[in-house]
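# Survey of secondary and tertiary structure
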Amino acid sequence: MDFSFLEFYQQEFYDGLWTTISVSLLALVFSLILGTVIAVLRISGVKALAGFGTAYVEFIRNTPLVAQIFFVFFALPAVGIKLSQFAVGTIGLSIYTSSYIAEVIRAGIQSVPRGQMEAARSSGMTYVQAMWYVILPQAFKLIVPPLGNQFINLVKNSSVLAVIAGGELMYFTDVATTEADVTPVYLFVAVVYLLLTVPLSLLVHFLERRWLGKESS
Amino acid sequence: MDFSFLTRADIMKTLLDGLLVTLEVALFSILFSFICGIVLGTLRYTKIPVLSHLAALYIETVRNLPLLLIIFFGFFAFKEWGWELPITISVIISMTIFTSALVGEIVRGGLNSVDKGQIEAARASGLTYVQTLWHIVLPQALRRMIPPMVSQFVSLLKDTSLAVAISLPELMHNAQIVYSRYYNMTVPLLIFVSLVYFVINYSLSQASRQLEKKLAG
Amino acid sequence: MRKWCTLLLIAAMALFGAACNGTGGGGKIADDNSLEQIKQRGKLVAGVKYDTHLFGYKDPADGQVKGFEIDLMKELAKRMLGDESKLELKEVNSKTRIKLLNGGDIDLICATMTISEKRKKEVDFSRVYFMAGQSLLVPNNSPIKTVHDTKGKKVATAKGATSGNNLKSVEPGAQIQLYENYADAFTALRAGQVDALTTDDSILMGMQQQDPNFKLVGGQFTKEPYGIGLKKGANELRAYVDQFLDQIIADGTYAKLYMKWFKQAPPQDLPRQAVQASPGK
């Protein structure tokens, strides 16, 4: 097999790897924030807010990421906002991932008995305080392992940016296969993705065993 | 914002053709990954040396890779190796390779959730290991697998849109063909196509929830 | 001495092959039944573009694929199999076409494919049927006037095509962005996500016909002779296609089709053989 493409496209590869990592990390931060907000909306008890949260989660989860990315890519310029592919990718991935993260966080929070919230509120805490100091720390262990899985998905899903010339790892394969055999390029990139995702996956397994008592594989 | 395509029979026909390809690919992929997933999951559960390890290796590798990479691989690399496959088949194979790993994990999780005491009891009453698996464990496990399995298949259905990257004439690609001609329809078409995916996937999820309730009650 | 031996050997093999053909035997050389296969099947499968206005384009209005190349293929089917409805079209793009040809999905490629030395190693080409050259498409109000104005600008093109590398060798400062196909690249240009689009002027002309808010600038900075791509060794089919092209050029069919799509008379100096000439290579 001919791996000489690594020499020709070295710079493109490093750029791609860096973009995959940075877009995934950025989207993780944003989707955590957005996901938490949506989760809180859903359990807020206020009908309109909960309804909005539910609609958001259901709509985003049931539509393809590709459509969402294209939408952000083409719809924003139509209203005069022009963003780089990197920014478009970060926004698209954040929106998509937030709908999954919202569900993870909601499940975690709801696993904490209702009485605790009531007790915290009656002892004078505000809703936000009670959430931050009482509920979330307990839900943490239940939330983190599935969050890890979502992060793995995020890294994998960032490959979709290739359809808008996003400049990440999968786009690198498009560049490299212009003038090279495809098999070595894809095998190489597959190994790189595994190097990114498998350690995360092992960490998730470890946390699941440690915190959730799940049986090891 | 030009929504006039809604009244144009020609464009709706193009989109419908795309939807049929999407459904065809999804249906076959679901069928095959269900079968392969059950085999993989059961192999991993049984702890038969070598076989269960191979299944584990397969599952862990594939589920840590981006689906888009597998789709590219299934299309370009197979061609490079001289395997003649129509594009639809190559996408079905790629989707099956990917989804069967995830279904395998769901199956293993379902099997593990069955009380070990029942297995011992069944074995003690004279059933063979295979009989126990088939008559006692699988039926109970299957019931628990339905919700995650359906959500996996919902993912599969929307992920068929990734094949837009290799010009499979599915819904997303056909929408692109239309909006590359009528630029003003770009954003409206993306919204419309998303709604189509949503309606199908949401109905699927709701149906699965009903089924779940029925089985539980 | 060795050269003569080789030549002699080849001649002997050719004779043997001819003898086998003559007696209807199935010798090794007679493996090339590319043309026979198509005739027996009664169907010609051509790989064409679905997204390239003027050449091969699927019209959403009626679902029909139309264009100069499509008409060429229809004419070929008509002359080869007696009926243009015996033509089956398969969509290809710059990235998939050679793989589909060598995988046996299609009999030939007629999809704005430039004859290049590199591609000649993978496929055989017919004679030249169109002479294009790479150029730039920009919005009417764009500051880009020449190739060198693309320095630091985002320039879109399609995956698998050589256009990106060509532009890079003329203007290394251009930022090339690869899209799945030209339709996507054009949508990105229209959305303002890129500053220019580069590929053969023939393709750009089609886009400009669709949307007059864009214009061609920068002239032709490469020579892109289009040829019909055939599986390596499909000599019978290639000879047939060559003869077909010569024929339609001679009898005026070619000029008629050219006029229909490009609204002008075909160039009189279309060479039979030519190969891609790009800057810096």
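Calculation rules
- Residues numbered from 1 in each chain as written.
- Chains lettered and ligands numbered in written order.
- Predicted model: local features only at pLDDT ≥ 70, side-chain atom pairs only at ≥ 80, totals over all residues.
- Heavy atoms only, no water.
- UniProt positions renumbered as here; feature names shortened; annotations may be inferred.
- 1 Å grid on protein atoms, 1.4 Å probe; cavity = no way out; pocket = protein on both sides within 12 Å on 5 of 7 lines; lining within 4 Å.
- Points joined across faces, edges and corners; volume = space filled by probe spheres on them.
- Domains from an automatic or database assignment.
- Helix = DSSP H or I, 4+ residues; strand = E, 2+ residues; numbered from the N terminus.
- Nonpolar A, V, L, I, M, F, W, Y, C, P; charged D, E, K, R; others polar.
- Buried < 20%, exposed > 50% of the residue type's maximum accessible area, 1.4 Å probe, protein only.
- Contact = heavy atoms within 4.5 Å.
- Phe/Tyr/Trp six-rings, centres within 6.5 Å; stacked < 30°, edge-to-face > 60°.
- Lys NZ or Arg CZ within 6 Å of the ring centre and 35° of its normal.
- Buried area = accessible area lost by both parts, 1.4 Å probe.
- Salt bridge = Lys/Arg side-chain N within 4 Å of Asp/Glu carboxyl O.
- Polar contact = N/O pair within 3.5 Å; in protein donor to acceptor, adjacent residues only side chain to side chain.
- Pairing = 2+ DSSP bridges.
- Axes fitted to C-alpha atoms, helices over the stretch in contact; angles between N-to-C directions.

Under an unreviewed UniProt entry, chain C has the name Amino acid ABC transporter substrate-binding protein (PAAT family) and belongs to Laceyella sediminis. According to the UniProt record, the Sequence similarities (unreviewed entry) comment for chain C is "Belongs to the bacterial solute-binding protein 3 family."

Chain B has the name Glutamine transport system permease protein in an unreviewed UniProt entry, where Laceyella tengchongensis is given as its organism. Looking at the Subcellular location (unreviewed entry) heading of the UniProt record, one finds this comment for chain B: "Cell membrane". In UniProt, chain B has this text filed under Sequence similarities (unreviewed entry): "Belongs to the binding-protein-dependent transport system permease family."

### Focus: empty space enclosed by the protein
Tallied over the full model, the rule gives three cavities of 30 Å³ or more. Of the voids in this model, the largest cavity is the one considered here, and its volume is about 90 Å³. Here the lining of the largest cavity gathers at least three residues from each of two domains, domain 1 (32-132 + 224-262) and domain 2 (134-217) of chain C. Roughly 80 Å³ of internal volume is contained in the second largest cavity. Residue assignment for the lining of the second largest cavity shows that the elements contributing at least two residues are helix 7 (171-181) of chain B together with helix 7 (182-190) of chain C. Here the lining of the second largest cavity takes four residues from helix 7 of chain B, the largest share from any one element. Along the lines of polarity and charge, the residues of the lining of the second largest cavity split into three nonpolar, four polar and three charged.

### A look at the UniProt feature "domain: ABC transmembrane type-1" (unreviewed entry) in chain B
Those residues carrying the UniProt feature "domain: ABC transmembrane type-1" (unreviewed entry) are residues 19-204 of chain B in this numbering. The span residues 19-204 of chain B is 81% helix and 0% strand, and its two end C-alpha atoms sit 16 Å from each other.

### Looking at the environment of A:Val189
Tracing the backbone shows A:Val189 in helix 9 (residues 182-212). A relative accessible area of 0% places A:Val189 in the buried class. Ignoring sequence-local partners within four residues, the contact set of A:Val189 consists of A:Leu169, A:Phe172, A:Thr173 and B:Leu69.

### Remarks on the side chain of C:Ser126
Residues and elements named next belong to chain C. With respect to the element layout, Ser126 can be found in strand 7 (residues 123-132). Look at Ser126 and you get buried, because its relative accessible area is 2%. With near-sequence residues (within four places) excluded, Ser126 lies in contact with Ile115, Gly227, Ile228, Leu230, Arg238, Val241, Asp242 and Leu245.

### Describing the packing of aromatic side chains
The tally for this structure, following the rule as stated, stands at 42 aromatic pairs over all chains. Look at A:Phe13 and A:Tyr14: their rings are 5.5 Å apart centre to centre, the planes differ by 50 degrees, and that puts the pair in the tilted class. Exposure remark for A:Tyr14: the relative accessible area of 46% places this residue in the partly exposed category. Taking the centre distance of 6.4 Å and the plane angle of 85 degrees together, the rings of B:Phe73 and B:Phe78 count as edge-to-face. Neither residue differs from the other here; B:Phe73 and B:Phe78 are each classed as buried. One aromatic cluster is present, formed by A:Tyr186, B:Phe72, B:Phe73, B:Phe75, B:Phe76, B:Phe78, B:Trp81 and B:Trp83 through successive ring pairs. Above the ring of B:Tyr182, the side-chain terminus of B:Arg181 is found at 5.2 Å from the ring centroid.

### Description of the interface of chain A and chain B
The interface is formed by 40 residues belonging to chain A together with 42 residues belonging to chain B. Each partner contributes to the roughly 3300 Å² buried at the junction of chain A and chain B, and carbon and sulfur atoms together form 67% of this total. Interface area lost by chain A to chain B is led by A:Asn62, A:Lys156 and A:Tyr186, which between them contribute 18%. In this structure, the connection of chain A to chain B is made through one salt bridge. For the pair chain A and chain B, the number of links is 10 residue pairs in polar contact (both at pLDDT 80 or more). At the level of elements, helix 3 (47-61), helix 4 (65-78), helix 5 (85-110), helix 7 (127-157), helix 8 (169-176) and helix 9 of chain A are the ones that each hand at least two residues to the side of chain A that touches chain B. Sort the elements by how many residues they give to the side of chain A that touches chain B and helix 9 of chain A lands first, with 13 residues. A class-by-class count of the residues in the side of chain A that touches chain B yields 25 nonpolar, nine polar and six charged.

### Some thoughts on the sheet that holds strand 12 (residues 214-217) of chain C
Residues and elements named next belong to chain C. If you trace the five strands from one edge of the open sheet to the other, you get 10-9-11-8-12, paired in mixed fashion. One side of each edge strand has no neighbouring strand; the edge strands of this open sheet are strand 10 (175-179) and strand 12. In this sheet, neighbouring strand axes are inclined to one another by 35 degrees on average, regardless of whether the strands run parallel or antiparallel. Across four bridges, strand 8 (residues 134-139) lies against strand 11 (residues 196-200) in antiparallel orientation. Bridging across to strand 11, Leu137 finds its partner in Leu197. The strands touched by helix 8 (residues 201-210) within the sheet are strand 8, strand 11 and strand 12, with strand 11 carrying the most contacts at an inclination of about 130 degrees.

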